[in-house]
Amino acid sequence: MNKISLTGVKPTGTPHIGNYFGAIKPAIEMSNNPELDSFYFIADYHALNFIKKKEELVQFTKEIACTWLACGLDPNKIVFYKQSQVPEVTELNWLLCNVTSKGLMNRAHAYKALVEKSLEAGDDPDALVNMGLYNYPILMAADILLFNTKFVPVGADQKQHVEMARDIAKAFNKRYGNTFVIPTEIIQESVATITGIDGRKMSKSYGNQIPLFCTEQELKKLISGIKTDSSLPTEPKSTDCAVFSLYKLFANKEELEAMAERFAKGISWADAKAELYSVANKYLTPMREKYNYYMTHYDEVEKMLDAGATKARAIAKETLARARAVIGLD
Ligand code: TRP
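Residues numbered from 1 in each chain as written. Predicted model: local features only at pLDDT ≥ 70, side-chain atom pairs only at ≥ 80, totals over all residues. Heavy atoms only, no water.

### A word on the overall build of the protein chain
Part 1 of the argument: A tally of helices and strands in the protein chain yields 14 helices and five strands.
Part 2 of the argument: Dimensions along the principal axes, computed over C-alpha positions, put the protein chain at roughly 75 × 50 × 35 Å.
Part 3 of the argument: Contacts in the protein chain between residues far apart in sequence, at least 24 positions, make up 77% of those at least 6 positions apart.
Part 4 of the argument: Summed over all atoms, the accessible surface of the protein chain reaches about 16500 Å², with 53% contributed by carbon and sulfur.
Part 5 of the argument: Across the protein chain, the mean location of the 40 positive side-chain charges is 2 Å away from that of the 40 negative side-chain charges. (Helix = DSSP H or I, 4+ residues; strand = E, 2+ residues; numbered from the N terminus. Contact = heavy atoms within 4.5 Å. Areas by Shrake-Rupley, 256 points an atom, 1.4 Å probe, with all protein chains shown as cover. Lys, Arg positive; Asp, Glu negative; His and termini not counted. Charge placed at Lys NZ, Arg CZ, Asp CG, Glu CD.)

Now the structure itself:
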């Protein structure tokens, strides 16, 4: 049997170009590795901490599912499901709570950051913390351990969570005997930082993002709004700018070389942005068409998720039965 690789994505916002180049694209490349059995799921239980409106949860879940399919995730090759379709996750979560020390959770970065914030505001340290946030790493350990996962490809911000899953697995194995595979994180070195339209790192929290599948008109408008310096069209321009760094993501080698030359000679920002729009739109159009198809035929996506959940649950049930048995619950 192949080694298992598993990763989850929280449905907490509309995917943007930074998410695509930083996370989605490398993850899809990894899903094509024939030596791994890959699991991709939408971490909707984890999102409940961030998304409190029903409409938003439904909308973001739909957008994430359609985005991953549009970007090339093939549900015939991998297992693709929604976390909330696999209730075994929550049962394992409970079993794991009993081998997890409170001290371990106290050390979680996300928890500590909230405590810090409350203390600074002169409030009770736990004023901002609910139990979903506090137990977040245990639920994530359940996601991972349930499928005998060996590798967990994640961004650097999730490293500690995978380390905790490893600690929890070891604590369980120590008490009850070898039950869970010990997982390892595969940190996706972010493919440089993706620049947003104001020149800072592209991020929802800065509001400087370009949604991956906005319309052509919106794409054009966002690109034309990219911050530039006030150099004249005839002046040479540094390639160390938002327009060029975005151009680099979408252009092929020849286009890139030609553009670097035009930057060196002098090019108007309007022309540079028009060129950026042209390569970006060419790159995104086939995926956008697929995305729009899935968004308007969501019943087909739901069928894929259901089929994925069925496959996932078959494995989940086996692992859970093993855990229950060693504990003495059966
Ligand atoms: N916590 C992860 C994030 O915020 C999402 C996630 C949930 C996850 N469960 C997981 C990632 C299991 C990898 C494995 O991005």
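### Observations concerning the side chain of glutamate 63
Part 1 of the argument: Note that glutamate 63 resides in helix α3 (residues 54-70).
Part 2 of the argument: Here the side chain of glutamate 63 touches threonine 14 through a polar contact of 2.7 Å, side chain to side chain.
Part 3 of the argument: Beyond its immediate chain neighbours, meaning those up to four positions away, glutamate 63 contacts Gly13, Thr14, Pro15, Tyr291 and Met295. (Polar contact = N/O pair within 3.5 Å; in protein donor to acceptor, adjacent residues only side chain to side chain.)

### Some thoughts on the domain arrangement of the protein chain
Part 1 of the argument: On domain assignment, one finds that the protein chain holds domain 1 (3-193 + 298-327) and domain 2 (216-292).
Part 2 of the argument: If you average the C-alpha positions of domain 1 and of domain 2, the two centres end up 36 Å apart.
Part 3 of the argument: When the area that domain 1 buries against domain 2 is broken down by residue, the three leading residues are Ile17, Phe21 and Ala70, summing to 59%.
Part 4 of the argument: Summed over the shared surface of domain 1 and domain 2, the result is zero salt bridges.
Part 5 of the argument: Put simply, the parts of the chain that give the side of domain 1 that touches domain 2 at least two residues each are α1 (17-31) and α3.
Part 6 of the argument: No other element matches the five residues that α3 contributes to the side of domain 1 that touches domain 2.
Part 7 of the argument: Split into classes, the residues belonging to the side of domain 1 that touches domain 2 amount to seven nonpolar, one polar and two charged. (Domains from an automatic or database assignment. Buried area = accessible area lost by both parts, 1.4 Å probe. Salt bridge = Lys/Arg side-chain N within 4 Å of Asp/Glu carboxyl O. Nonpolar A, V, L, I, M, F, W, Y, C, P; charged D, E, K, R; others polar.)

### Details of empty space enclosed by the protein
Part 1 of the argument: Under the counting rule described, the total for this entry stands at one cavity of 30 Å³ or more.
Part 2 of the argument: Estimates place the volume of the largest cavity at around 40 Å³.
Part 3 of the argument: Looking at the largest cavity, the residues that line it are Ile17, Ile210, Leu219, Ile223, Leu246, Phe250, Leu276 and Ala280.
Part 4 of the argument: When residues of the lining of the largest cavity are traced back to their parent elements, those giving at least two are α10 (216-224), α11 (242-250) and α13 (269-296).
Part 5 of the argument: In terms of residue class, the lining of the largest cavity is made up of eight nonpolar, no polar and no charged. (1 Å grid on protein atoms, 1.4 Å probe; cavity = no way out; pocket = protein on both sides within 12 Å on 5 of 7 lines; lining within 4 Å. Points joined across faces, edges and corners; volume = space filled by probe spheres on them.)

### Brief notes about the packing of α3 against helix α14 (residues 298-327)
Part 1 of the argument: Running from N to C, α3 and α14 cross one another at 80 degrees; their axes reach a closest spacing of 11 Å. Taken as axis vectors, α3 and α14 run roughly perpendicular relative to one another. Counting all contacts with α3, which are made through Thr61, Lys62, Ala65, Cys66 and Leu69, the residues of α14 involved are Tyr298, Val301, Met304 and Leu305.
Part 2 of the argument: The residue inventory of the contact of α3 with α14, partitioned by class, reads seven nonpolar, one polar and one charged. (Axes fitted to C-alpha atoms, helices over the stretch in contact; angles between N-to-C directions. Parallel < 35°, antiparallel > 145°, perpendicular 65-115°, else oblique.)

### Considerations on α11
Part 1 of the argument: When we look at burial in α11, the residues that qualify are Ala242, Val243, Phe244, Leu246, Tyr247 and Phe250.
Part 2 of the argument: Where α11 is buried, its residues contact α1, α12 (253-265) and α13. (Buried < 20%, exposed > 50% of the residue type's maximum accessible area, 1.4 Å probe, protein only.)

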